Structures are given as structure tokens and as C-alpha cells.
Amino acid sequence: MVSELTTGADIQLVVLDMAGTTVADGGLVERAFDAAARHMGVEPGTHGHAEKLAYVRATMGESKISVFRHLFGDEAAARRANAAFEQAYGELVDGGLIAPVPGAREAIEAMRDAGLTVVLSTGFARVTQDAILAALGWQDLVPLTLCPADAGGRGRPYPDMVLAALLRTGATDAVQRIAVAGDTSYDMLSGRRAGASVVAGVLTGAHDKDQLLAAGATHVLGSVAELPALLGGVRDDRPA
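So, here is what we can say about the structure in this document. Since we're looking at a predicted model, the values are computed, not measured.

1. A closer look at helix H4 (residues 75–94)
Piece 1. With 20 residues, H4 should cover 28 Å at 1.5 Å per step; its first-to-last C-alpha distance of 28 Å lies within 8% of that length.
Piece 2. Taking the backbone nitrogen of Ala-76 as reference, a side-chain oxygen 3.1 Å away marks Asp-74 as the first, capping residue of H4.
Piece 3. Just downstream of H4 lies Gly-96, where phi reads positive at about 80 degrees.

2. Here we look at the side chain of Thr-145
Piece 1. Summarising the element assignment, Thr-145 is placed in strand E5 (residues 144–146).
Piece 2. Judged by its relative accessible area of 16%, Thr-145 is buried.
Piece 3. The contacts of Thr-145, once residues within four sequence positions are left out, are Leu-120, Arg-126, Gln-129, Leu-133 and Asp-150.

3. Description of the side chain of Ser-223
Piece 1. Relative to the elements of secondary structure, Ser-223 occurs in the loop between strand E8 (219–221) and helix H10 (227–230).
Piece 2. Looking at Ser-223, the relative accessible area reads 12%, which means it is buried.
Piece 3. Only 3.1 Å separates the side chain of Ser-223 from the backbone nitrogen of Ala-225, close enough to count as a polar contact.
Piece 4. In this structure Ser-223 touches Val-101, Pro-102, Val-202 and Thr-204, once residues within four positions along its chain are discounted.

4. Considerations on the sheet that holds E5
Piece 1. Strands sit in the order E5-E4-E1-E6-E7-E8 across an open sheet of 6 strands; the sheet is parallel. At either margin of the open sheet sits one strand with a lone partner, and together these are E5 and E8. Neighbour-to-neighbour, the strand axes of this sheet turn through a mean angle of 25 degrees, independent of strand direction.
Piece 2. Note that strand E1 (residues 13–17) and strand E4 (residues 117–121) share 5 bridges and pair parallel. Residue pairing in the sheet places Leu-13 in a bridge with Thr-117 of E4.
Piece 3. Here helix H8 (residues 185–194) sits on the sheet and contacts E1, strand E6 (178–182) and strand E7 (198–202); the angle it forms with E7, its principal contact strand, is near 175 degrees.

5. A word on the nonpolar core
Piece 1. Membership of the largest hydrophobic core comes to 56 residues, with the highest contact counts inside it found for Val-14, Leu-16, Tyr-89 and Leu-227.
Piece 2. For this core, the element with the most residues is H4, which contributes 9 residues.
Piece 3. When near neighbours in sequence (up to four residues on either side) are disregarded, Leu-16 contacts Thr-22, Ile-108, Met-111, Val-118, Val-119, Leu-120, Ser-121, Ala-181, Val-224 and Leu-227.
Piece 4. Core analysis: the next-biggest nonpolar cluster, separate from the first, contains 22 residues, Val-162, Ala-165, Leu-166 and Val-220 among them.

6. Brief notes about helix H7 (residues 160–169)
Piece 1. Of all the residues in H7, the buried ones are Asp-160, Met-161, Val-162, Ala-164, Ala-165 and Leu-166.
Piece 2. Buried residues along H7 sit against E1, E4, E5, E6 and H8.
Piece 3. Gly-170 lies just past H7 and shows a positive phi near 60 degrees.

7. Description of the pairing of E1
Piece 1. Burial analysis of E1 places 5 of its 5 residues in the buried class, which makes it a mostly covered element.
Piece 2. Residues Leu-13, Val-15 and Asp-17 point to one face of E1 and Val-14 and Leu-16 to the other, with burial holding for every one of them.
Piece 3. Bridging between E1 and E6 involves 4 bridges; their strand directions are parallel. Residue Val-14 lies in a different strand from E6, and its bridge partner there is Ala-179.

8. Some points on the pattern of salt bridges
Pairs can form between side chains of opposite charge once their charged atoms are near each other.
Piece 1. Here the structure, examined in full by the defined rule, presents 12 salt bridges.
Piece 2. Close ionic contact of Arg-79 with Glu-75 constitutes a salt bridge, the shortest N to O distance being 2.8 Å. Pair noted here: Arg-79 and Glu-75 are both in helix H4, with a separation of 4 residues, about one helical turn.
Piece 3. Taking relative accessible area as the criterion, Arg-79 reaches 49% and is therefore assigned partly exposed.
Piece 4. Glu-75 gets classed as partly exposed once you look at its relative accessible area, which sits at 32%.
Piece 5. With its nearest N and O atoms 2.7 Å apart, the salt bridge here joins Asp-150 to Arg-126. Pair noted here: Asp-150 is in the loop between E5 and H7 and Arg-126 is in helix H6 (residues 126–136), with a separation of 24 residues, a long-range link.
Piece 6. Accessibility expressed as a relative area gives 26% for Arg-126, which makes it partly exposed.
Piece 7. Members of the salt-bridge network, linked through shared partners, are Asp-10, Asp-173 and Arg-177.

Reading the values: rules and limits
Residues numbered from 1 in each chain as written. Predicted model: local features only at pLDDT ≥ 70, side-chain atom pairs only at ≥ 80, totals over all residues. Heavy atoms only, no water. Helix = DSSP H or I, 4+ residues; strand = E, 2+ residues; numbered from the N terminus. Expected span 1.5 Å × (residues − 1). Polar contact = N/O pair within 3.5 Å; in protein donor to acceptor, adjacent residues only side chain to side chain. Buried < 20%, exposed > 50% of the residue type's maximum accessible area, 1.4 Å probe, protein only. Contact = heavy atoms within 4.5 Å. Pairing = 2+ DSSP bridges. Axes fitted to C-alpha atoms, helices over the stretch in contact; angles between N-to-C directions. Core = buried A, V, L, I, M, F, W, Y, C linked by side-chain atoms within 4.5 Å. Salt bridge = Lys/Arg side-chain N within 4 Å of Asp/Glu carboxyl O.

Right, here's the structure in full:
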């Protein structure tokens, strides 16, 4: 099936996820969740821990505060859990346990050099996003980075961060000229709801090809390193 978009020249704005898409964190989300769960009195090995971890895995890509609201109920408890999670994740990042996905920086630079505006987005809080960028030396890699708080507080699967990228950069006059890439179903839903013509799932993170396609991926790539080539001639991966 050929998509309405037939040439990568139509894309002007690219919104990329971070952990699992451009950043390899080696499962730090689950490790940070363990720390947050312990802080909230949920011990590993218990049924409650297993249930909560399963939900964390299923909702990879969603705003972390939203995840903790679901897991712990009231707002105060959710904020305590989220703060513990962000602190633990930040400490793991500072410990040098993250790296770029192979070819990710080169892909970003290639798209940037081709005249595309590239934005990095995340479901983490700003403090954690900044820690990741600093650890990788990516502070000046793109003109804009976004977390849920930068887009009214709602993260994925809402379209808000993608639309905020459009509004803040002014990179294009049409949502159809946006490409979104991520490793989770929530990334796909966010891109589709924003109206992006290219919503590319990558297989370097949380979800597999079937999950990504079921959530609306127009393309599935081995990694973000393949994205510049894709945008040179776009075809739709969904079944006819």
C-alpha cells in the first residue's frame, strides 16, 4: 500500500522519542521503577509488584506521572512515586548507563543537514530529560526538546507534544508534513492523533512490530538509523 506521502521532500518536521528510540538505556526504566516501588512500600517478588511492573511495561512511552497516577491512585502518592522514579533514573543516567542507539546521532545530523527540523521528545520529566541530554552531550544537537510539562502536562498517547513541536518551531504549515518515530504503541498513537503522515515504529525498544502496527505505525524500521533513508522515498508498511 502506498501512502498519500510519496516523497520524503514533503516532510519538514521530525519528532523523535528518546529512550528506546534514539537513546539505549538498557532497561533503566524498570530499574528506576523498582526503586520507586520500594519507596512506596511495594516490594519486588510480591504480586502487587508484578502487576504494577506489567502495567509499566505495557505503557512504555506514556508520561510517567500518568503511569503513577494509575498505579497509586491519589495525586500526592503519584507525585511521590514519580519523584522517586525520576531520582533513581537520574542517578542511573549519571552512572553512565545510557548510550545513543547506534547511528541515532548520525541520523539526526543527516536529517538536520537535509534541512529538516528535528525535535526530541520524552515521557520523562524535564530534569530527567536534561540529565540524559547532558550525559550524551546532546544539549545542542536539536533546536527543541519537549517533555509532557512543555505541552500542557499531557504526554503520550495524546498528540500534544507533536503539536507543540509544530507550534514552537513553526517548521511547517501542515501536520501532514510531520514525521514521528518511536519504539512504543503510545508513540504511534500520539503521531497518528497529531495527523503526522509518517509514523515510524522502531524495533530497538519496548514494543514489537505487531504492537507498533496495531497502534497505527505507517512504517516499522530496525532502528532510527534507517529513518533518513525512509524519508527519501516513503512507502506505507501497513497491509493493503
